[in-house]
Number of protein chains: 2
Amino acid sequence: MATKSVHADDVAMKGGGYYSLTTRGAKDVIDTAIPLVLKAIDGMAPASDAGVFTMSDMGCADGGTSIDMVRAVLEKVRALALSRPLQIVYTDQTFNDYNALFRIIHGATEIESYLKAVEGVFVQASATSFYLPILPPATLNLGFSATAMHWLSAKPGNISNHVHAVGAKSAELAAFAKQGRRDWETILLHRAAELVSGGRLVLVNFCRDEQGRYLGHTGGISMFDTFNSIWQSFVADGTISEDEYLDMTLPQYYRSVEEFTKPLEDPANEVYKAGLRLEEVETRIVQCPFAAEFRQHADPAKFARSYIPTLRSWTESTFFGALSGERALDERREIIDRYYSTYETMVRDDPEGHGMDYVHAYMSVVKA
Amino acid sequence: MATKSVHADDVAMKGGGYYSLTTRGAKDVIDTAIPLVLKAIDGMAPASDAGVFTMSDMGCADGGTSIDMVRAVLEKVRALALSRPLQIVYTDQTFNDYNALFRIIHGATEIESYLKAVEGVFVQASATSFYLPILPPATLNLGFSATAMHWLSAKPGNISNHVHAVGAKSAELAAFAKQGRRDWETILLHRAAELVSGGRLVLVNFCRDEQGRYLGHTGGISMFDTFNSIWQSFVADGTISEDEYLDMTLPQYYRSVEEFTKPLEDPANEVYKAGLRLEEVETRIVQCPFAAEFRQHADPAKFARSYIPTLRSWTESTFFGALSGERALDERREIIDRYYSTYETMVRDDPEGHGMDYVHAYMSVVKA
């Protein structure tokens, strides 16, 4: 099991489309998985069957970040199986922006789609969570997901000393680990039912790696500790209550490699019994694109201005939800604005060491 | 072949949800097709196969108007085939509102969805036009479409004396009839490829019926003649040019029953050769919900105010597009506003005979 560091600049923008820096990081992570996905296809010998070849992209968002990965899959299967119908099912939550997704995939934006380049491709979307069955039994050939399955199906409680399970201790940590294990098994069991025999999953998920690194915690200033310390300072200065501090607990869990692989290697586990087996796993770090850009332009204010909105995008609703409903809406908004502006000032005044390197486990799984 | 008149009030709102009057009319048309759809299912003997039962709703919009029809299908197939996976694929154009669709079907609105009531249902959406293959070959059991296939794939020219093909003469009419024939055959050939053997299509489309009636032309004031005469008056008073009059030609064609059925009954036709056969066809009139409501409340201003926006919803973009690009945007907007307000005044001042009764052909088709 090797840890490989990937620089954002190593990954070419093959699609030719425009991506923001935010999207760029997520796309780098997915593009880095392309060799693993292509290897999984080799293992499936797609020319051996004439039926529909179905792939899914679970947690697809608008489909832009995976567009070159999907293109690579479709081109490869098409080259091996000239006349097999190819079906790609994009899946995400009910409130995802599917209008944006279809516009991108059907070529109505500046992002170059694969749809005219590959013959016989059928595109569909599903708004069904990966905690439920998405596709009928035994109809999935290749399931893919990136940077999505760390979101738990439910919050197993609050964490008294931190905003994220990476900072949790003893019984609180155990509750998150348990929820993480159950959720992971639920996800895998549903996929086991969907997969055809010999079908593959390629799953790219936030993890805690062999050296204890995780998102935003790779040697510099720890991002989640910064989130936590600013939130604590809001208690100290009377901005928020102890209860509001406590309620800000992200419903996320970053699994270790062992936690990811156990259900696939333990003959007593339901997932193993359902036929899923680990093919390979490795952890990788993809550098924070904002910090990488800062090393080029060396402008702390520009770095802070570009970096904080991406942190805000996936944390704001949880921070907001933690504030008491007895506060006026405007007051809640003001606290949240002040929270992120505090973080931005901190980065601008002393940028060194800030950043959000991605730490992922890249796994390939086969259905026996 | 019988013509049956259906009153809006005959059709119960089984879903319990809220629908605007606009949506109500479209929903009445679809609910009226439920017996035909259920009969088509009987013909398929769904218990005879254990594979996925797939239905499509082509031109689904937000899925609200067909929700009780889809529920009726799923409940019936589930009752006959207890463990068959059921798949519903909603399809429309790229720029349809799929976010609204998924929110309705996944129960995130006040409209009651079938999703919790029927087990083993997989919901998907496709943004692929019915002028293209939507699903892989031989995977469709039941294809449904309502009030969508009168939109041509391209406008075969302008109509010199009218805004719609219902008013076209000689060569101009022939061009629309030819486009209508080709488009209909294209639609049916793609569906023939998608259908399994024994699969059915239930298609509900605007038509010209045996008595020459069509949408908004059922004995009272003809809606399309009114559209045309107001647009002509705008030429007469110098508001618009002759070219702008001419360019306002809706890319629609209302087929006759003979035009609908010919490709399914002529052994020399490609559609017939592809295995599609007519099971049954009848025309029906569903009363204009606005005019029906006016008969209750007798308030001409209220009638005009509620009726015109629905006409505007499906004609505005074509009227707007007919105006010269040399006019300022605001001027074009003002002309269009004045156009519909002229129509509204006309209805308010003399409401008798106005209305938009729906005239549809309801067809059932089987794949041999």
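Residues numbered from 1 in each chain as written. Chains lettered and ligands numbered in written order. Predicted model: local features only at pLDDT ≥ 70, side-chain atom pairs only at ≥ 80, totals over all residues. Heavy atoms only, no water.

Colleague: Can you help me understand the overall build of chain A in this one?
Modeller: What chain A contains, in helices and strands, is 12 helices and 9 strands. Computed over C-alpha atoms, the radius of gyration of chain A comes to 21 Å, within 12% of the 21 Å expected from 2.2 N^0.38 for 368 residues, which places it in the range of a compact globule. For chain A, the spread of C-alpha atoms along the principal axes amounts to about 65 × 50 × 40 Å. Here chain A holds 368 residues, and 54% of them are scored as buried. Within chain A, contacts between residues at least 6 apart in sequence are counted, and of these 81% link residues at least 24 apart. Put simply, chain A shows about 14400 Å² of open surface, and 51% of that area lies on carbon and sulfur atoms. (Helix = DSSP H or I, 4+ residues; strand = E, 2+ residues; numbered from the N terminus. Rg over C-alpha atoms; globule rule 2.2 N^0.38 Å. Buried < 20%, exposed > 50% of the residue type's maximum accessible area, 1.4 Å probe, protein only. Contact = heavy atoms within 4.5 Å. Areas by Shrake-Rupley, 256 points an atom, 1.4 Å probe, with all protein chains shown as cover.)

Colleague: Sorry, what's going on with unusual backbone geometry here?
Modeller: Among all residues save glycine, negative phi is the norm, and among peptide bonds the norm is trans. Residue and element names in this part refer to chain A. Residue A138 is not a glycine yet carries a positive backbone phi of 55 degrees. Topologically, A138 is positioned in the loop between β4 (121-126) and β5 (140-146). For S170, which is not glycine, the phi dihedral falls at a positive 40 degrees. Among the structural elements, S170 can be located in helix α5 (residues 170-194).

Colleague: Where do I start with the packing of helix α6 (residues 223-236) of chain B against helix α11 (residues 300-322) of chain B in this structure?
Modeller: Helices that pack against each other are described as a pair by the angle of their axes relative to one another and the distance between those axes. All names here are of chain B. Packing of α6 against α11 leaves a shortest axis separation of 13 Å and a crossing angle of 50 degrees. It follows from the interaxial angle that α6 and α11 lie oblique. The two elements α6 and α11 cross, and the hand of that crossing is right-handed. For the pair α6 and α11, contact is made by M223, F224, F227 and W231 and by Y307, L311, W314, T315, F319 and A322, respectively. In terms of residue class, the contact of α6 with α11 is made up of 9 nonpolar, 1 polar and no charged. (Axes fitted to C-alpha atoms, helices over the stretch in contact; angles between N-to-C directions. Parallel < 35°, antiparallel > 145°, perpendicular 65-115°, else oblique. Left-handed = near helix turned anticlockwise from the far one by under 90°. Nonpolar A, V, L, I, M, F, W, Y, C, P; charged D, E, K, R; others polar.)

Colleague: Hey, could you run me through the nonpolar core in this one?
Modeller: The tendency in soluble globular proteins is for nonpolar side chains to be buried side by side. Core analysis: the biggest nonpolar cluster contains 156 residues, and A:F227, A:W231, A:Y307, B:F227, B:W231 and B:Y307 have the highest contact counts within it. Apart from residues lying up to four places away in sequence, B:Y307 is in contact with B:M223, B:C288, B:F290, B:Y343, B:V347, B:H354, B:G355 and B:M356. (Core = buried A, V, L, I, M, F, W, Y, C linked by side-chain atoms within 4.5 Å.)

Colleague: How should the interface of chain A and chain B be read in this particular structure?
Modeller: Quite often, the size of an interface is put as the accessible area lost when its parts meet. Contact residues are listed per partner, giving 27 residues for chain A and 27 residues for chain B. With both sides pooled, the region where chain A packs onto chain B buries about 2200 Å², and carbon together with sulfur makes up 63% of that total. There are 0 salt bridges connecting chain A and chain B. Counting only elements with at least two residues in the side of chain A that touches chain B, the list comes to β3 (86-91), α4 (98-105) and β4 of chain A. With 5 residues, β4(A) is the single largest residue contributor to the side of chain A that touches chain B. Grouping the amino acids of the side of chain A that touches chain B by side-chain chemistry returns 16 nonpolar, 9 polar and 2 charged. (Buried area = accessible area lost by both parts, 1.4 Å probe. Salt bridge = Lys/Arg side-chain N within 4 Å of Asp/Glu carboxyl O.)

Colleague: I tried to follow the side chain of A:D68 on my own but got confused; where do I start?
Modeller: Relative to the elements of secondary structure, A:D68 occurs in helix α3 (residues 67-80). In terms of polar contacts, A:D68 uses its side chain to reach the side chain of A:R71, at 3.2 Å. (Polar contact = N/O pair within 3.5 Å; in protein donor to acceptor, adjacent residues only side chain to side chain.)

Colleague: How do you make sense of the pairing of strand β9 (residues 358-367) of chain A when you look at a structure like this?
Modeller: Here is the key point about a regular strand: its side chains alternate between the two faces of the sheet. Residue and element names in this part refer to chain A. Within β9, 10 of the 10 residues are buried, leaving the element largely enclosed by the surrounding structure. Every second residue of β9 is oriented toward a common face, with Y358, H360, Y362, S364 and V366 on one face and V359, A361, M363, V365 and K367 on the other, all of them buried. Pairing analysis gives 7 bridges linking strand β6 (residues 195-208) to β9, with the strands arranged antiparallel. The residue of β9 that forms the bridge with L201 is V365. Bridging between strand β8 (residues 276-286) and β9 involves 10 bridges; their strand directions are antiparallel. Across the sheet, the residue bridging to V286 is Y358, located in β9. (Pairing = 2+ DSSP bridges.)

Colleague: What is the right way to read the relation of the copies chain A and chain B from this model?
Modeller: The relation between the two copies of this chain is a rotation about an axis and a shift parallel to it. Note on the identical chains: chain A maps onto chain B by a rotation of 180 degrees and an axial translation of 0.1 Å, with an RMSD of 0.0 Å. Both copies are brought into coincidence by an operation consistent with a two-fold rotation axis. Residue A:A125, judged by its C-alpha, is the member of chain A lying nearest the rotation axis, at 2.6 Å. Taken together, the interface assignments show that 100% of the residues at the interface of chain A recur at the interface of chain B, consistent with an identical surface on both copies. (Least-squares fit on C-alpha atoms with pLDDT ≥ 70 in both.)

Colleague: Please clarify how the pattern of salt bridges should be interpreted in this entry.
Modeller: A side chain of one charge can pair with a side chain of the opposite charge if their charged atoms are brought near each other. Residue and element names in this part refer to chain A. Tallying each qualifying case throughout the model produces 42 salt bridges over all chains. A salt bridge links E334 to R338; the shortest N-O distance between them is 2.8 Å. Here E334 and its partner R338 are both found in helix α12 (residues 329-349), 4 residues apart, which amounts to about one turn of the helix. Accessibility expressed as a relative area gives 37% for E334, which makes it partly exposed. Since its relative accessible area comes to 32%, R338 is described here as partly exposed.

Colleague: Just to check I follow, could you spell out the confidence of the model for chain A for this structure?
Modeller: Should pLDDT be low for a region, the predicted coordinates there are not to be read in detail. Residues and elements named next belong to chain A. Put simply, chain A has an average pLDDT of 94, and 95% of its residues get 70 or more. Every residue in residues 5-18 scores below 50 in pLDDT, and together they form 30 contacts with partners more than four places removed in sequence or on other chains. What the predictor reports for the complex is a pTM of 0.93 with an ipTM of 0.92. (pLDDT = per-residue confidence, 0-100.)

Colleague: Would you mind showing me how to read the packing of aromatic side chains here?
Modeller: Scanning the entire structure with this criterion turns up 46 aromatic pairs over all chains. Ring centres of A:F227 and A:W314 lie 6.0 Å apart, and the angle between their planes is 80 degrees; on these two criteria the pair is classed as edge-to-face. Here A:F227, found in helix α6 (residues 223-236), pairs with A:W314, found in helix α11 (residues 300-322); they are 87 residues apart in sequence, far enough to count as distant. Taking relative accessible area as the criterion, A:F227 reaches 0% and is therefore assigned buried. We classify A:W314 as buried; its relative accessible area is 18%. Judged by centre distance (6.0 Å) and plane angle (70 degrees), the rings of B:F224 and B:W314 are edge-to-face. With a gap of 90 residues between them, B:F224 in helix α6 and B:W314 in helix α11 connect regions that are remote in the sequence. The same class applies to B:F224 as to B:W314, namely buried. Stacked on the ring of A:F234, the Lys or Arg A:R338 has its end atom at 5.5 Å from the ring centre. The aromatic ring of B:Y362 is capped on one face by B:R284, whose charged end is 5.5 Å from the ring centroid. (Phe/Tyr/Trp six-rings, centres within 6.5 Å; stacked < 30°, edge-to-face > 60°. Lys NZ or Arg CZ within 6 Å of the ring centre and 35° of its normal.)

Colleague: Any chance you could explain helix α4 (residues 98-105) of chain B here in plain terms?
Modeller: Two residues of an α-helix separated by three or four positions point the same way, owing to the 3.6 residues in each turn. Residues and elements named next belong to chain B. In terms of burial, α4 is a largely internal element, 6 of the 8 residues being buried. Capping the start of α4, D97 holds a side-chain oxygen 3.2 Å from the backbone nitrogen of N99, two or three residues further along. Phi turns positive, to about 75 degrees, at G107, one or two residues after α4.

Colleague: Help me understand the environment of B:Y90 in this model?
Modeller: Residues and elements named next belong to chain B. Structurally, Y90 is set in strand β3 (residues 86-91). The sequence separation of Y90 and I285 amounts to 195 residues, and the corresponding C-alpha distance is 26 Å. Not counting residues up to four positions away in its chain, the partners in contact with Y90 are D57, C60, G63, S66, V70, L101, I105, Y114, V123, Q124, A125 and S126.

Colleague: Even after reading the chapter, I still don't get the side chain of B:T128, so can you show me in this structure?
Modeller: Relative to the helices and strands, B:T128 is located in the loop between β4 (121-126) and β5 (140-146). Other than its neighbours up to four places away in sequence, B:T128 contacts A:H106, B:T91, B:D92, B:P133 and B:I134.

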